Amino acid sequence: MKMNPNDPIYNIIFTFEIHGVINKDLFVKSFEFLVEKSDVLRTVFIEEDDVPIQQAISNIEYDLDYVDLTNHSNSELALEQLLQEKRKKIYDFSNKLFD
């Protein structure tokens, strides 16, 4: 990241198509549980004396981005635009690594 600070080379986008109704509250709680139990989702990288150090944060703060495109007139186009924005995002490795 230091060598190419403005290049989103580490962005890997995964999408999942879900059919049916989603209980948003249950979905958010399930994701919170997953983050709580998975060190890898709470891992950040800090630097000490120019040496990267991996650190699992016990309490990581985040807002889960929930986007419902069900009633969008062109949901496929809206999804592609959203993914293009996400692909360009530059991540701060000292912060959470998911969005």
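Owing to the predicted nature of the structure, the values given are computational and were not obtained by experimental measurement. Residues take numbers from 1 onward in each chain, read along the sequence in its written order. This being a predicted model, a pLDDT of at least 70 is required before a residue's local features are given, and a value of 80 or more before pairs of side-chain atoms are given or counted; all residues contribute to the totals for chains, interfaces and linings. Note that the side-chain values use all heavy atoms of the structure and ignore hydrogens as well as water.

Peer 1: Now, about helix α2 (residues 75-88): what can you tell me, with residues and values included?
Peer 2: Here a strand is any run of E in DSSP of at least two residues, a helix any run of H or I of at least four, and the numbering for each starts at the N terminus. The span you would expect from a helix comes to 1.5 Å times its residue count less one. Counted at 1.5 Å a residue, the expected span for α2 with its 14 residues is 20 Å, and the 20 Å between its end C-alpha atoms agrees. Buried residues of α2: A78, L83 and K86, and no others. The arc enclosing the buried residues of α2, seen along the axis, measures out at 135°, which places them on a common side. The exposed set on the far side of α2, more than 90 degrees from its buried face, consists of E85 and K88. Residue exposure (1.4 Å probe, protein chains only): buried if accessible area is under 20% of the type maximum, exposed if over 50%, otherwise partly exposed. The arc under discussion is defined with respect to the helix axis, by the directions toward the C-beta atoms.

Peer 1: Could you give an account of the pattern of salt bridges, naming the residues involved and the relevant values?
Peer 2: Every case where a carboxyl oxygen of Asp or Glu lies within 4 Å of a side-chain nitrogen of Lys or Arg is listed as a salt bridge. Following the criterion strictly, the structure yields four salt bridges and no others. Residue K37 pairs with E36 through a salt bridge whose shortest N-O separation is 3.9 Å. As far as the burial class goes, K37 and E36 line up, both exposed. Of the charged contacts in the structure, one is a salt bridge between D65 and K86, with a shortest N-O distance of 3.0 Å.

Peer 1: Could you give me a rundown of helix α1 (residues 24-37), with the residues and numbers involved?
Peer 2: Along an α-helix, residues three or four positions apart point the same way, because every turn accommodates 3.6 residues. Taking 1.5 Å per residue as the helical rise, α1 with its 14 residues ought to reach 20 Å, and the 20 Å between its terminal C-alpha atoms agrees with that figure. Its side-chain oxygen 3.2 Å from the backbone nitrogen of D25, N23 forms the N-cap of α1. In the analysis that follows, any N or O atom pair within 3.5 Å is treated as a polar contact, provided that within protein one partner can donate a hydrogen and the other can accept it, and provided that, for residues neighboring in sequence, both atoms belong to side chains.

Peer 1: Run through the side chain of K96, naming residues and quoting values.
Peer 2: Assignment of secondary structure puts K96 in the segment after α2. Judged by relative accessible area, K96 falls into the buried class, the value being 15%. Whether two residues are in contact is decided by their heavy atoms, any of which lying within 4.5 Å being enough. When residues no more than four places from it in sequence are discounted, the contact partners of K96 are V44, I60, E61, Y62 and Y91.

Fair warning: the whole summary comes from geometry, so function is off the table for now.
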